[in-house]
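If you want the building blocks of each chain, they are given just below.
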Amino acid sequence: MKKSFKNTFVLGCICAVVSVILAFTNALTAPIIEKNESEKANAALSEVLPSGKSFTKLDITGQKLPSTVKEAYRAENGGYVLKLSTTGYAPGMVLMCGISPDGTVAGTKLIASGETPSIGGVAAESFAEKVLGKDASGIDGVDTVGGATKTTAAYRSAVKDALNAAILLGGGDVDIRTEEEILRDNLSAALPSAGGEFEKLFITEDIAGVDDVYKAKNETGFVCVIGEQFIALDMNGEVLSDTTDEIASVARAAMQLLLSTQTTDLTLTDYVGLPTQLISAKVTATGNYIIEIKGIGYGILGGNDYHPASGEYIVIRVSMTADGRIIDCLTVSQGETNGIGSACANESFYGQFDGKTEANYGDIEAIGGATVTTNGYKQAILRAFESVKIFEKGANQ
Amino acid sequence: MKKNGNLSVLTKGIFKENPVFILILGTCPTLATTTNVVGAFGMGIAALVVLLCSNVLISMLRSVIPDGVRIPCYITIIAGFVTMVQMAVQAFFPALYEMLGVYLALIVVNCIILGRAEMFASKNSVGKSALDGIGMGLGFTLALCAMATVREVFGAASFAGIAIPFLADYKIEFLVKAPGGMLVYGLLIALVCALTNGKGPKKKEFTCAGCPSAGYCKTGACQSKKEEA
């Protein structure tokens, strides 16, 4: 008993003394260690903003900043460093971006990414040099690096976000909404009763002067986009927005035409020589055609170990006038490689066909890295033109 | 334990009883921190400081520390010194701290330090223990530096971070990797054996008296087992 008491006591004493000495050492070294650490962090920030001195981290919670901005630092002598997280070819692209006090890019550095090292990784490096010295308005003009469209596009938009964030943090005002958000805001402003929920109407009539028509999902009305103007109409086609008589009449006429549209299904077997990919065809009372056709893209033709073929066609709905001018075009469904060919479902792609004829439908911007998809799509459009010619000739001709 | 003069206590650690090449202690840091000379030297000095301080303190307390709890006491003292050294290195030599990483903290369980505490400091005077600590620490440092020199010069074509231009095209990068370290280690042990003509301490000199577990096991048990094998 006495022995074990002594053991415990001596060990306890040694522990206590050691603890006290360590506490003392820690008090002595902790501030120096902290200073070293912050200097190291500063050095990393200086790499993208060489002119910056003594950075302080900003509290950005609740601030109106682009969503990619994760951390923000302000240099004492002006300028910002932003840490941004975005998705390139793969998620998890993290980069640091230094913005000079004059609002130009001082330096960028990719600190983590899931990009293909030999393609996107290399592209990011060369792109990082291209954006140097660019400001918020010049950044859009920086060329994409070939073969790495998605990486460079993500990089560009992240750097743009950084530039905008620097303007916002500096007390300036800048529109950081995406195009989609701007459109939704504009539509909502025109027709508040829709509650922000709209769907784009597939146009089957030749409505000159009207670019797009959106329908409120809660059936409270329509919004016609005429140039820069957003004109709201009720479900009966009466103009609600305050606008000039001229524009109001254009919108009213377009809406009347759309609301009174009547279609007749065409019996495909009545016609000779129609493409086999044709799914269905309708004709409107005004003589326009609405065609659904299958496009043969990567989902049918492609397939390798990484991107297996889905076995699905690209289903395209296209409306065109009897003389072969596309009124509207829409991708109904597709099974292209996700993240690459699947871009054919984006309006930025199929919207390019609006107003095209057989003579110039090829003048569209291809989907980056998805030649098979683009070509399959174009071929389907060509077959739609051919189908309309056959329909115009009449049945059994 | 042989009667030793103070000078021989100091020098034996450097060559005759070199902890790395003769006693084969502290193999883990030897392999891990010898990819470059600066790291090896820093590691050696850090271990020397801890060894010196712990040897002195354990020798001072040798009559106070009860036999039953001596290992926990040694560990506490050694861990205390290691933590102090770690904080100091982190504060004043941050580059070295990053280079050594976790191996700095692992000095706590370095066999050399615990081994010297058990084998020497707990049985000898403060002065001799200090000399033993310095000798062993220098031996450790020299061994690490020798190994790091071979690995860095031939493996990375540089010495202490300074590039050696004419070797740049003939780098044996394998040497910087762990298996290369093992190979260099083995070759250096062979070299030291050849130089000492096998006169290093024989295995039988490490009898049960020098074994940390002696107090708990049947004395002589392991020795007879060895003979059977």
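Going by the structure above, here's the rest.
Residues numbered from 1 in each chain as written. Chains lettered and ligands numbered in written order. Predicted model: local features only at pLDDT ≥ 70, side-chain atom pairs only at ≥ 80, totals over all residues.

Peer 1: Is there a simple way to explain the overall build of chain A in this structure?
Peer 2: Each helix and strand counted, chain A has 8 helices and 14 strands in total. Expressed as a percentage of its 397 residues, the buried residues of chain A come to 36%. (Helix = DSSP H or I, 4+ residues; strand = E, 2+ residues; numbered from the N terminus. Buried ≥ 20, exposed ≤ 12 C-beta atoms within 10 Å, placed from the backbone.)

Peer 1: What is the right way to look at the nonpolar core in this model?
Peer 2: Here is a general trend for soluble globular proteins: nonpolar side chains tend to be buried in one another's company. Residue and element names in this part refer to chain A. V223, C224, I231 and A251 are the most contacted members of the largest nonpolar core, which has 57 residues in total. Element by element, the count of residues in this core is highest for helix α8 (residues 371-393), at 7 residues. Of the domains in this structure, domain 3 (179-259) and domain 4 (263-393) are the two that each give at least three residues to this core. Once residues within four sequence positions are removed from consideration, V223 is found in contact with L187, A190, L191, F198, Y214, F230, I231 and A232. (Core = buried A, V, L, I, M, F, W, Y, C linked by C-beta atoms within 7 Å. Domains from an automatic or database assignment. Contact = placed C-beta atoms within 7 Å.)

Peer 1: Teacher, can you tell me more about the sheet that holds strand β7 (residues 212-216) of chain A here?
Peer 2: Adjacent strands of a sheet form backbone hydrogen bonds with each other and so pair up, either parallel or antiparallel. Residue and element names in this part refer to chain A. Strands sit in the order β6-β7-β8-β9 across an open sheet of 4 strands; the sheet is antiparallel. Each edge of the sheet is formed by a strand with only one pairing partner; in this case those strands are β6 (198-200) and β9 (229-233). Shown here is a sheet whose adjacent strand axes are inclined to one another by a mean of 25°, direction ignored. In this sheet, β7 lies alongside β6 in antiparallel orientation, the contact comprising 3 bridges. Residue pairing for β7: F198 is matched across the bridge by A216. In the packing of helix α4 (residues 179-190) onto the sheet, contacts are made with β6, β7, β8 (222-226) and β9, and the angle to β9 comes to roughly 45°. Across the sheet, helix α5 (residues 245-259) lies against β7, β8 and β9, angled at about 125° from β8, the strand it touches most. (Pairing = 2+ DSSP bridges. Axes fitted to C-alpha atoms, helices over the stretch in contact; angles between N-to-C directions.)

Peer 1: Teacher, can you tell me more about the packing of helix α7 (residues 111-121) of chain B against helix α8 (residues 126-156) of chain B here?
Peer 2: For any two helices packed against each other, the geometry is given by the interaxial angle and the distance between the axes. Residue and element names in this part refer to chain B. Remark: α7 packs on α8, axes separated minimally by 11 Å, with the N-to-C direction vectors making an angle of 150°. By the criterion of interaxial angle, the relationship of α7 to α8 is roughly antiparallel. Relative to α8, the crossing made by α7 is right-handed. Of the residues in α8, those in contact with I112, R116, F120 and A121 of α7 are S129, D132, G133, M136 and F140. (Parallel < 35°, antiparallel > 145°, perpendicular 65-115°, else oblique. Left-handed = near helix turned anticlockwise from the far one by under 90°.)

Peer 1: Would you explain the sheet that holds strand β3 (residues 80-86) of chain A in this entry?
Peer 2: Residue and element names in this part refer to chain A. Pairing is antiparallel across the open sheet formed by 5 strands, whose spatial order is β1-β2-β3-β4-β5. Both edges of this open sheet fall to β1 (55-58) and β5 (105-112), since each of them pairs with a single strand only. On average, each strand axis in the sheet is tilted by 20° relative to the strand beside it, whichever way the strands run. Bridge count for β1 against strand β2 (residues 69-75) is 4 bridges, and the pairing is antiparallel. Looking at β2, one finds that K57 is bridged to Y73. Against the sheet, helix α1 (residues 2-48) engages β1, β2, β3, β4 (93-99) and β5, with an angle of about 125° to β5.

Peer 1: Mind showing me how you'd approach the interface of chain B and chain A here?
Peer 2: When the parts come together, some accessible area is lost, and that loss is often what is quoted as the size of the interface. In this complex, chain B contributes 17 residues to the contact, which on the side of chain A involves 15 residues. No other element matches helix α4 (residues 70-92) of chain B, which puts 11 residues into the side of chain B that touches chain A.

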